[in-house]
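Reading the structure
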Amino acid sequence: MNLLPKSHEEFKTAEYWNTFFKKRGRKAFEWYGEYPELCSYLFKYMKHKDDILVVGCGNSTLSMNLYDAGYRNITNVDISEVVIKQMRECNKSKRPDLCYEVMDVTKMTYPDEKFSVVLDKGTLDAIMPDTTDATLEIVDKFFKEIQRVLRNGGRFVCISLLQEHILKKLVSYFPTAGFMFRVSRCFEAEMKTKEEEGSTIPVFIVIATKFNKLTQPVLEIALDNGPPRRVQLIDEIISAVNSTQESALICNTLYKGSVADVGEVSLDLYRAGETIPRYTLYVVDEPVKNKKTFAAFIVPQGRESDWFFSTKEGRQQLLKSTQRDRLAIVILCREQKYENLEGVKKEINDSVRNLAPIGLGANEIPFLSLGADVGKRIICCEGTSEMSGAYVVEEIEDENSVIYRRLIFLNNQFTIQSEARLTISKSRRGKMKKIIDPGFLACEHHIYMSLGVSSLTNIKEDREALVIGLGGGGLCTFLTHCFPKLKITAVEIDKEILKIASEYFGLVQTENLNVEINDGIKFLHDSSENKRKFDAILFDVDNKDSSLGMSCPPKQFIDDSVLKTVAKSLTNDGLFILNLVIRNQALRQGVIDNLKNVFKFISSFTLEGDVNEVIMASMNSFIIDEWNKRIKKAAINLNNQAQVEKLSTNDLINVSKLLETLSIEN
């Protein structure tokens, strides 16, 4: 039998409720939990001596249970004559003092300050399905009646699902009317619903305590198992409740279904009272109907920027490698402190369990990780760049005890802007110190950009390169060490970046390496006007506006006018080398078309397991075999030079597989 209303509007009418209870008969109808799940909360705010008014009582057994628990001064009211008659008949012999009266809660006939508690379980939700003027008028009358019949120090106890419009109405009325206002969460009621129906909606209990003289608003929330927490703003209550509801929706979706069709879902976990998340969880699913395996993967500090953990593609690959049907990937947030791996497991265990698919909730959830600890993160420097915002320079240690120093912009925390590998050496006085390894290229695209430079070394003895975009200076440092005769001019628009590169990433300006603080495009135009020529021009510039679908370079750097300026600034045998990061193939083709309008020859290197692509463009035409031979020769030269200059003991590029990554853009 379908007893649900046809529309929300029906909840407000006495006719609907009369029809509902006639169909329901004597079977109790409980909103949002029954007495066993609610009693621990009610006992906190209701004493046995209280005069209690239960508004919109329906045929709930709650008042009967309270009566049997020793509460004797209980008055129940409802707009439905049918249900009041049923409840009087049901209780007249066993609970003769339990009072039931037909009454409209918006115009009660009780004297002022008659009750010390007004208890509402679902009535407000029923009479406020929307925010129309007519509805708000009814709710205002209801609230004014509650305020009128409550004594000073009395409590309005409201059990509700707290839809956003209802919560906003509550917080707009009671705190301004001099009530202390608290929102708690009824966990037991939620768990009972989940056990019986396979899903749950957060159930809240609002406690508004009346005071005649309250000098300032008192606002509290208790949405976890800890004590209530005082907040300053009403918006903090609204935000906390909304976050709780959104998280529950995600958990319900994961419990009963799959997110394989959307790729993944994510949520943040906070400690009570904190505004900075402690963990970020990503949940990924295999496209199977009945999920039988589930695990959580804890990412050590400093490794969250790895491709496996920082990208959707990487997280999907991690799921496959763990051979689980569902995987929760746990990121430890950089602003937080963590003692050890066992402490992290204990802290997130309940949250992870809530993400389990149906049938696995009671099972032990295995935790996976890269090692036996949570990793190490040391903050070297924090600051703010006018161009890129807040940043941090930090050191992390991997599972092999290798130390890396990284520059991270906090508006894009999962992307490593620059990275250096550190070696430990002993000074003459016996002190240990950290040294930047000049042979370390963190980004594979820097190796291929160096390959382009290497292809020029057999053409001229005196070579000069222009690098637009300094970053931590790793590419420039490597090139100056690998090719000692090469002269490099690096252009960086952000003076803070130069400071970071010099102080933390080992960049040293010499007669062969000069850094200019300037706009890259302006520098190019000025150089062209002065007829300055370069053997190689390298663009390694990130795009601050990610909405364009292109991470590198900014769109204006591949405009027709800029590319023509690049061409004019190259020597006859010069090479334009571009780091391109773009996911949309249509956008990529547009970039290639722009390049073809200016350059006669274009080749590209697609990097395995990376979104970067290195484009090399020339004003000269090459036949494919000629270009292939040149690139192979350049790779051999690069490997040899790196070993001669003691930058690497291994080949930087696998020459035999090099051409597999090479494409000629016809």
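Up top is the structure.
Every chain's residues receive numbers from 1 upward, in the order its sequence appears when written. Confidence filtering applies because this is a predicted model: local features only for residues at pLDDT of at least 70, side-chain atom pairs given and counted only at 80 or more, and all residues used for totals across whole chains, interfaces and linings. The basis for every side-chain value is the complete set of heavy atoms in the structure, and neither hydrogens nor water enter the calculation.

Moving on, we get to the overall build of the chain. Check the secondary structure of the chain and you find 20 helices and 28 strands. Contact definition: two residues touch when any of their heavy atoms are within 4.5 Å. Sequence-distant contacts in the chain: of pairs separated by 6 or more residues, those separated by 24 or more amount to 66%. Element-wise, carbon and sulfur atoms account for 49% of the exposed surface of the chain, whose accessible area totals about 32,000 Å². Only four residue types enter the tally: Lys and Arg on the positive side, Asp and Glu on the negative side, with His and both chain ends excluded. All charge positions are set by atom: Lys at NZ, Arg at CZ, Asp at CG, Glu at CD. Mean positive and mean negative side-chain charge positions of the chain (86 and 91 charges, respectively) differ by 3 Å. Every helix listed is a DSSP run of H or I at least four residues long, and every strand listed is a run of E at least two residues long, numbered separately from the N terminus. Accessible surface area values rest on a Shrake-Rupley calculation with a 1.4 Å probe, where residue burial reflects the displayed protein chains alone.

Before going further, it helps to examine the nonpolar core. Definition used in this section: a nonpolar core is a set of buried Ala, Val, Leu, Ile, Met, Phe, Trp, Tyr and Cys residues joined via side-chain atoms within 4.5 Å. Think of it in three bands: residues with accessible area under 20% of the maximum for their type are buried, residues over 50% are exposed, and the middle band is partly exposed, with areas taken using a 1.4 Å probe on protein chains only. Counting 46 residues, the largest nonpolar core has Leu451, Leu538, Phe605, Met616 and Trp627 as its most contacted members. The biggest single contributor to this core is helix H19 (residues 624–644), with six residues. Excluding residues that lie within four positions of it along the chain, Phe605 makes contacts with Tyr448, Leu451, Asn612, Glu613, Val614, Met616, Ile631, Leu658, Thr661 and Leu662. By size, the runner-up hydrophobic cluster in this structure holds 41 residues, among which are Phe142, Cys158, Leu167 and Val171.

The next subject is the packing of aromatic side chains. Paired rings are identified among Phe, Tyr and Trp, the last through its six-membered ring, by centres lying within 6.5 Å, and are further divided according to the angle between planes into stacked (under 30 degrees), edge-to-face (over 60) and tilted (the rest). Taken as a whole and judged by the stated rule, the model has 22 aromatic pairs. Plain terms: the ring middles of Phe576 and Phe599 are 5.7 Å apart, the flat faces sit at 15° to each other, and that makes the pair stacked. Of the two residues, Phe576 sits in strand E25 (residues 570–582) while Phe599 sits in the loop between helix H18 (585–596) and strand E26 (601–606), which places them 23 residues apart along the sequence. Of the two residues examined, Phe576 and Phe599, each falls in the buried class. One aromatic cluster in this structure is built from Phe142, Phe143, Phe156, Tyr173, Phe174 and Phe179. Working rule: Lys NZ or Arg CZ, within 6 Å of ring centre, within 35 degrees of ring normal, means a charge sits over the ring. Across the ring face of Tyr67, the terminal group of Arg72 is positioned such that the distance to the ring centre comes to 4.2 Å.

Let's shift gears to the pattern of salt bridges. Salt bridges, as used here, are contacts in which a Lys or Arg side-chain nitrogen is within 4 Å of a carboxyl oxygen on Asp or Glu. Under the criterion given, the structure shown has 31 salt bridges. Here Glu220 ties to Arg182 by a salt bridge, and the two come within 2.6 Å at their closest N and O atoms. Highlighted residues: Glu220 in strand E8 (residues 219–222) and Arg182 in strand E6 (residues 179–185), separated in sequence by 38 residues. Accessibility expressed as a relative area gives 7% for Glu220, which makes it buried. Judged by relative accessible area, Arg182 falls into the buried class, the value being 18%. For the salt bridge of Asp437 with Arg421, the shortest nitrogen-to-oxygen distance reads 2.7 Å. Within this pair, whereas Asp437 is found in the loop between strand E19 (432–436) and helix H13 (444–454), its partner Arg421 is found in strand E18 (residues 418–426), the two being separated by 16 residues in sequence. Residue classification places Asp437 among the buried residues on the basis of a relative accessible area of 16%.

A few words now on the sheet that holds strand E7 (residues 204–210). Should DSSP find at least two bridges between two strands, the strands are taken to pair. Overall, mixed pairing links the nine strands, which are arranged E3-E2-E1-E4-E5-E7-E6-E8-E9 in an open sheet. At either end of the open sheet lies a strand with only one pairing partner, and these are strand E3 (99–102) and strand E9 (229–231). Between one strand axis and the next, the sheet turns through 20° on average, direction left out of account. Here strand E1 (residues 52–55) pairs with strand E2 (residues 74–78) via four bridges, running parallel. Bridge assignment links Leu53 to a residue of E2, and that residue is Thr75. Lines are fitted to the C-alpha atoms to define the axes, a helix being fitted only along its stretch in contact, and any angle between axes, read from their N-to-C directions, falls within 0 to 180 degrees. In this fold helix H6 (residues 133–149) packs onto E1, strand E4 (115–121), strand E5 (150–160), E6 and E7, with an angle of close to 140° to the strand it touches most, E5. Its contacts with the sheet put helix H9 (residues 234–256) on E6, E7, E8 and E9, and the angle it makes with E8 is roughly 15°.

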